[in-house]
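# Observations on the three-dimensional arrangement
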Amino acid sequence: MNIIHDKENNKYTMDVDGATAFVDYKIKNDKMYLVYSEVPTSLRGKGIGKQLVEKTFEKLTQEGYKAVAVCGYVKAIAKRSDKWNTIIEQA
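Computed from a predicted model, the values in this text were never measured in an experiment.

## Here we look at the overall build of the protein chain
- A tally of regular secondary structure across the protein chain gives two helices and six strands.
- In sequence order, the secondary structure elements of the protein chain are arranged as β-β-β-β-α-β-α-β.
- Taking the principal axes of the C-alpha coordinates as reference, the protein chain spans close to 35 × 30 × 20 Å.
- Contacts in the protein chain between residues at least 24 apart in sequence constitute 42% of all its contacts with a sequence separation of at least 6.
- Total accessible area on the protein chain is roughly 5400 Å²; 44% of this is exposed by carbon and sulfur atoms.
- Between the averaged position of the 15 positive side-chain charges in the protein chain and that of its 12 negative side-chain charges there is a distance of 5 Å.

Dropping the structure here:
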């Protein structure tokens, strides 16, 4: 599953079985604020949300962004691993 950075619409998307999961963000003060995440009902309970958020973290890191977790689910995933402490701030 590949993550796509849709800069025009300020989101990271991941297509799975014909459905799209995504993380919305806003840029403010040179930081990316991860404000909302959604996994379609048909994909819930399969670990897709966790994969989506972790792949988003990896992609934004590769692209040189620092991010702030605003969305509750994104915050939860960020807190589960020390790997993201230097990249993802908690709002």
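Still to come is the rest of the account.
## Regarding the pairing of strand E3 (residues 19-28)
- Strand direction decides the pairing type here: strand E2 (residues 11-16) and E3, joined by six bridges, are antiparallel. The residue bridging Lys 11 from the neighbouring strand is Asp 24, located in E3.
- Between E2 and E3, which pair antiparallel one after the other, the connecting turn spans two residues, and Asp 17 there sits at a positive phi close to 50°.
- Hairpin connection of E3 to strand E4 (residues 31-38): two residues between the antiparallel strands, including Asn 29 at a positive phi of 50°.

## Brief notes about the packing of helix H1 (residues 48-62) against helix H2 (residues 72-79)
- Orientation of H1 relative to H2, taken along the N-to-C sense of each, is 75°, at an axis distance of 10 Å. Considering the angle they form, H1 stands roughly perpendicular to H2. Residues Gly 49, Lys 50, Val 53, Glu 54 and Phe 57 of H1 form the contact with H2, whose own contacting residues are Tyr 73, Val 74, Ile 77 and Ala 78.
- Split into classes, the residues belonging to the contact of H1 with H2 amount to six nonpolar, one polar and two charged.

## Concerning the nonpolar core
- Among the nonpolar cores identified, the biggest contains 26 residues, and Leu 34, Phe 57, Leu 60 and Ile 88 are the most heavily contacted of them.
- Of all the secondary structure elements, the ones that give two or more residues to this core are E2, E3, E4, H1, strand E5 (67-69) and H2.
- At five residues, the largest contribution of residues to this core is made by H1.
- Not counting residues up to four positions away in its chain, the partners in contact with Leu 34 are Val 23, Asp 24, Tyr 25, Thr 56, Phe 57, Leu 60, Ala 67, Val 68, Ala 69, Val 70, Cys 71 and Val 74.

## Quick look at the sheet that holds E3
- Taken in spatial order, the six strands of this open sheet run E1-E2-E3-E4-E5-E6, and their pairing is mixed. The sheet terminates laterally at strand E1 (3-6) and strand E6 (88-90), the two strands that pair on one side only. On average, each strand axis in the sheet is inclined to that of its neighbour by 30°, with strand direction left out of account.
- Here E4 pairs with E5 via three bridges, running parallel. Note on E5: the bridge partner recorded for Leu 34 is Ala 69.
- H1 contacts E1, E2, E3, E4, E5 and E6 of the sheet and is inclined by roughly 135° relative to E2.
- The strands touched by H2 within the sheet are E4, E5 and E6, with E6 carrying the most contacts at an inclination of about 115°.

Calculation rules
- Residues numbered from 1 in each chain as written.
- Predicted model: local features only at pLDDT ≥ 70, side-chain atom pairs only at ≥ 80, totals over all residues.
- Heavy atoms only, no water.
- Helix = DSSP H or I, 4+ residues; strand = E, 2+ residues; numbered from the N terminus.
- Contact = heavy atoms within 4.5 Å.
- Areas by Shrake-Rupley, 256 points an atom, 1.4 Å probe, with all protein chains shown as cover.
- Lys, Arg positive; Asp, Glu negative; His and termini not counted.
- Charge placed at Lys NZ, Arg CZ, Asp CG, Glu CD.
- Pairing = 2+ DSSP bridges.
- Axes fitted to C-alpha atoms, helices over the stretch in contact; angles between N-to-C directions.
- Parallel < 35°, antiparallel > 145°, perpendicular 65-115°, else oblique.
- Nonpolar A, V, L, I, M, F, W, Y, C, P; charged D, E, K, R; others polar.
- Core = buried A, V, L, I, M, F, W, Y, C linked by side-chain atoms within 4.5 Å.
- Buried < 20%, exposed > 50% of the residue type's maximum accessible area, 1.4 Å probe, protein only.

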